[in-house]
Number of protein chains: 2
Amino acid sequence: MRPPERPAPAVTVLAGGYGAARLLQGLVTVCDPASVTAVVNCGDDMVLGGLHISPDLDTVTYCLAGELNPETGWGLRDESWRARETLRRLGGPSWFALGDRDLGTHLYRTQRLAEGAPLSLVTAELTDRWDVGARLLPVTDDRLRTRVTIADGTEDNGRGTGGEIGFQEYFVGLAHAVAVRSVRFAGAERARPAPGVLNAIAEANTVLIAPSNPIVSIGPLLALHEVRRAVMGRREQTVAISPIVAGAALRGPAARLMAELGHEPSAVGVARIYAPVAGTLVIDEQDAALAPAVEAEGMRCVVAASIMHTPAHAATLGRTALAAAGRAEPARR
Amino acid sequence: MRPPERPAPAVTVLAGGYGAARLLQGLVTVCDPASVTAVVNCGDDMVLGGLHISPDLDTVTYCLAGELNPETGWGLRDESWRARETLRRLGGPSWFALGDRDLGTHLYRTQRLAEGAPLSLVTAELTDRWDVGARLLPVTDDRLRTRVTIADGTEDNGRGTGGEIGFQEYFVGLAHAVAVRSVRFAGAERARPAPGVLNAIAEANTVLIAPSNPIVSIGPLLALHEVRRAVMGRREQTVAISPIVAGAALRGPAARLMAELGHEPSAVGVARIYAPVAGTLVIDEQDAALAPAVEAEGMRCVVAASIMHTPAHAATLGRTALAAAGRAEPARR
């Protein structure tokens, strides 16, 4: 499914779901899409009703295909919900929204995996069929599952109190409205990076860490020892973009999760997480005053407008991040 | 899911898909639905795109729920096909029509089976939620798969020539437009009847064999040694309805399949198949002249209008079949 010749990788993006999808949507307008590789989280993957669902891969795919539902930020535009209506009537697991169009993707992926195709090959097939110009690689073809231990005594909509649950049960089923005690990435110690992942990191001119949740979106990628070591080896060419702006996440539970797990929910807290792997952090203009504190963590700090209101903003942010990496290199000579 | 008290079983129907569904639709208007049990073929079951699909159970369920698509005779009425459109766009297995509403049933079943529920329990849950008054039992909770060997040199739409394929690949994928060399029921030697099946046969006042395909719809049921022995034990109370009228099946490949496998494609051929297990055969008025030949096979023959143009015709046929069983008993005294 891979085109026989690709340009040298200009940029490799460590990616979660929505924030990464938006950044990539901008990047492919400022780089040759064929020179852009996204290494995507698959720790959120799950099996529901027998179907293998890869939420972050799908969000990035649909966004780059121009098919992402703009209202929800996940799933396909122009979606219908008839399968889910039946499932709800039958008392089945309807907490995870499976759209009718979207189901075609899950059916395709599940069928191919059952036939023995690795997730990376299925992803190449899907992105080809959805006309995604960039290359998407799941971080691994092996089983990797983000598991969340929620605090005892938590109101959890009847799903049992405390204990460890799958990421989507936490994120979607409980709408991440519960206190988290710990997060782990089951399978990370044995999972091998998918074919192409290590090369994409080693050979890119620039490695970007998308403004995704550092703990549950980027965390699963860096939990693979070989991936973490590869990114550390490119630290000077690696630019992270803070997903925390003015102490809050633009979307999702990143700030709350950071605080609950002992991190400062700020661009400085993000710098502490990424300092070992990235030489540069892009923070938002609203956080300009934090630049010295970020630099005190050992990262170069670039202040920029980082909120991607439109694809044009995303393109500007992509250009800024690539330029930041360009600036980083002379500093090392 | 089972109501705590049920009336004594008035009638147990050995059932395939459409023909059985129509007969049952009539029967529940002439008996208390709660006293009707259908033992349903699940040799046609398959896994596609990760989903466990039970075509005959679904056809009977949807028909008794008043939800069967009247134009196709399978699937749900008021159906849409958006998942299938995506699957087709992606190049996935779109030969089997998965409707959007219908997908909810498959997702529910697959999820429950993955949780460890046996198919009979899942079927009880589904029929309860779809408001089916009769009791539906899959013939077995174990794996039973109808396998079809198609003849060499057959035009088979590019799916390879000759060799053994799954029933749905033959029936739907190849539109049963290929010559069949043999049929077998993989798993039948080890499969145990589902809970309730043997009692439903032993305790019913009447056992009916629906006008389903004798080879690939009723065949899988009788391939279970214990089921066949149970029905043989009720031979005098067992009434089969011929699915072959004037040498042809009203629907599907029964006549062609019978001929290819060495049976006479007529009511007499049906009598030869069922004579060991059923004391009576109902044949259509058009075949009245065959009654002596049927009786020569050792079955009582009842001639009746057997084509179920409407639910009212089906009710009349049901009444006829029950009366035939009633008539059979005095003959034994």
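Residues numbered from 1 in each chain as written. Chains lettered and ligands numbered in written order. Predicted model: local features only at pLDDT ≥ 70, side-chain atom pairs only at ≥ 80, totals over all residues. Heavy atoms only, no water.

> Please explain the packing of aromatic side chains as it appears in this structure.
When we look at a pair of aromatic rings, we describe it by the centre distance and by the angle of the planes. Residues and elements named next belong to chain B. Tallied over the entire structure, the rule returns 10 aromatic pairs over all chains. With 5.2 Å between their ring centres and 20° between their planes, Phe167 and Phe171 make a pair best called stacked. Note that Phe167 and Phe171 are positioned in helix H6 (residues 167-173) at a spacing of four residues, about one turn of the helix. A residue is classified by how much of its surface remains accessible, and Phe171, at 32% relative accessible area, is partly exposed. (Phe/Tyr/Trp six-rings, centres within 6.5 Å; stacked < 30°, edge-to-face > 60°. Helix = DSSP H or I, 4+ residues; strand = E, 2+ residues; numbered from the N terminus. Buried < 20%, exposed > 50% of the residue type's maximum accessible area, 1.4 Å probe, protein only.)

> Where do I start with empty space enclosed by the protein in this structure?
Sizing a probe to match a water molecule and rolling it over the atoms shows the empty space that remains. Residue and element names in this part refer to chain B. All chains considered together, the criterion is met by three cavities of 30 Å³ or more. Its volume calculated, the largest cavity comes out at about 50 Å³. Every residue lining the largest cavity is listed: Leu57, Asp58, Thr61, Thr105, Arg109, Thr123, Leu126, Thr127 and Trp130. Sorting the residues of the lining of the largest cavity by element identifies helix H2 (55-64), helix H4 (100-114) and helix H5 (119-129) as the ones contributing at least two each. Residues of the lining of the largest cavity, tallied by class, amount to three nonpolar, four polar and two charged. (1 Å grid on protein atoms, 1.4 Å probe; cavity = no way out; pocket = protein on both sides within 12 Å on 5 of 7 lines; lining within 4 Å. Points joined across faces, edges and corners; volume = space filled by probe spheres on them. Nonpolar A, V, L, I, M, F, W, Y, C, P; charged D, E, K, R; others polar.)

> What am I meant to see in the interface of chain B and chain A here?
By a frequent convention, interface size equals the accessible area lost on bringing the separate parts together. Between chain B and chain A, the contact holds 31 residues from the first and 31 residues from the second. Interface area for chain B against chain A, summed over the two sides, is near 2700 Å², with a carbon-plus-sulfur share of 61%. Broken down residue by residue, the surface that chain B buries against chain A is led by Arg82, Arg89 and Leu90 of chain B, which jointly contribute 27%. Joining chain B to chain A, the criterion identifies four salt bridges. In this structure, Asp78 of chain A and Arg82 of chain B form a salt bridge, with 3.2 Å as the shortest nitrogen-oxygen distance. Summed over the shared surface of chain B and chain A, the result is 12 residue pairs in polar contact (both at pLDDT 80 or more). (Contact = heavy atoms within 4.5 Å. Buried area = accessible area lost by both parts, 1.4 Å probe. Salt bridge = Lys/Arg side-chain N within 4 Å of Asp/Glu carboxyl O. Polar contact = N/O pair within 3.5 Å; in protein donor to acceptor, adjacent residues only side chain to side chain.)

> Where do I start with the pattern of salt bridges in this structure?
Any two side chains of opposite charge can pair, so long as their charged atoms come close to each other. Enumeration according to the criterion identifies 30 salt bridges over all chains in this entry. Residues Glu115 of chain B and Arg112 of chain B are paired through a salt bridge, measuring 2.8 Å at the closest nitrogen-oxygen approach. The class for Glu115 of chain B is partly exposed, based on a relative accessible area of 48%. What emerges from the salt-bridge pattern is a single network uniting Glu67 and Arg101 of chain A together with Arg89 of chain B.

> Whenever I open this one, the sheet that holds strand S8 (residues 180-186) of chain B confuses me. Can you help?
Two modes of strand pairing occur in sheets, parallel and antiparallel, and in both the strands are linked by backbone hydrogen bonds. Residue and element names in this part refer to chain B. Within the open sheet, the three strands sit side by side as S7-S6-S8. Their pairing is antiparallel. The open sheet has two edge strands with one neighbour each: strand S7 (163-166) and S8. Taking each pair of neighbouring strands and ignoring which way they run, the sheet shows an average axis angle of 30°. The sheet contact formed by strand S6 (residues 145-150) and S7 spans four bridges and is antiparallel. Residue pairing for S7: Val148 is matched across the bridge by Ile165. (Pairing = 2+ DSSP bridges. Axes fitted to C-alpha atoms, helices over the stretch in contact; angles between N-to-C directions.)

> Help me understand unusual backbone geometry in this model?
With glycine set apart, most residues show a phi of negative sign, and most peptide bonds adopt trans. For Asp78 of chain A, which is not glycine, the phi dihedral falls at a positive 55°. Located in the positive-phi region is Asp131 of chain A, a residue other than glycine, with phi close to 60°.

> Would you mind showing me how to read the relation of the copies chain B and chain A here?
Put simply, the two copies of the chain differ by a rotation about an axis and a shift along that axis. Aligned on chain A, chain B shows an RMSD of 0.0 Å; the corresponding rotation is 180° and the shift along the axis is 0.0 Å. Here the symmetry operator amounts to a two-fold rotation axis. Within chain B, the C-alpha atom positioned nearest to the axis of rotation is that of Gly50 of chain B, 2.6 Å from it. Residue by residue, 100% of the interface of chain B is reproduced at the interface of chain A, so both copies engage with the same surface. (Least-squares fit on C-alpha atoms with pLDDT ≥ 70 in both.)

> Explanation requested: the pairing of strand S10 (residues 238-241) of chain A in the structure shown.
Side-chain direction in a regular strand flips from residue to residue, so the side chains alternate between the two faces of the sheet. Residue and element names in this part refer to chain A. Alternating residues of S10 divide into Thr238 and Ala240 and Val239 and Ile241, and every residue in both groups is buried. For strand S9 (residues 206-209) and S10, the ladder comprises three bridges, and the chain directions are parallel. Each residue of the ladder has a partner; that of Ile209, found in S10, is Ala240. Pairing geometry for S10 and strand S13 (residues 280-284), over three bridges, is parallel. Bridge pairing in S13 places Ile241 opposite Val282.

> Explanation requested: the sheet that holds strand S13 (residues 280-284) of chain B in the structure shown.
All names here are of chain B. Strand order in the open sheet formed by seven strands is S5-S2-S1-S9-S10-S13-S14, with parallel pairing between adjacent strands. Whereas interior strands pair on both sides, the edge strands pair on one side only; in this sheet they are strand S5 (135-138) and strand S14 (300-304). Neighbouring strand axes in the sheet, compared pairwise and without regard to direction, differ in orientation by 25° on average. Docked against the sheet, H2 engages strand S2 (36-40) and S5, running at close to 175° with respect to S5.

> What exactly am I supposed to notice about helix H11 (residues 267-274) of chain A here?
One turn of an α-helix holds 3.6 residues; hence residues three or four places apart share an orientation. All names here are of chain A. With respect to burial, H11 is a largely interior element, seven of its eight residues being buried. Turning to H11, its buried residues are Ala267, Val268, Gly269, Val270, Ala271, Ile273 and Tyr274. Put simply, Ser266 is the residue that caps the front of H11, since its side-chain oxygen is 3.0 Å from the backbone nitrogen of Val268.

> Can you walk me through the pairing of strand S5 (residues 135-138) of chain A in this structure?
Residue and element names in this part refer to chain A. Side-chain alternation along S5 places Arg135 and Leu137 on one buried face and Leu136 and Pro138 on a second face that is also buried. Two elements, strand S2 (residues 36-40) and S5, share four bridges in a ladder whose sense is parallel. Looking across to S5, one finds that Ala38 is bridged to Leu136.

> Would you take a moment to explain the confidence of the model for chain A for this structure?
Residues and elements named next belong to chain A. A residue-level look at chain A finds 92% of positions with pLDDT of 70 or above and a mean pLDDT of 92. Every residue in residues 154-158 scores below 50 in pLDDT, and together they form 11 contacts with partners more than four places removed in sequence or on other chains. Taken as a whole, residues 329-333 scores under 50 in pLDDT and shows five contacts with residues more than four places along the chain or in a different chain. Predicted as a complex, the structure gets a pTM of 0.90 and an ipTM equal to 0.87. (pLDDT = per-residue confidence, 0-100.)

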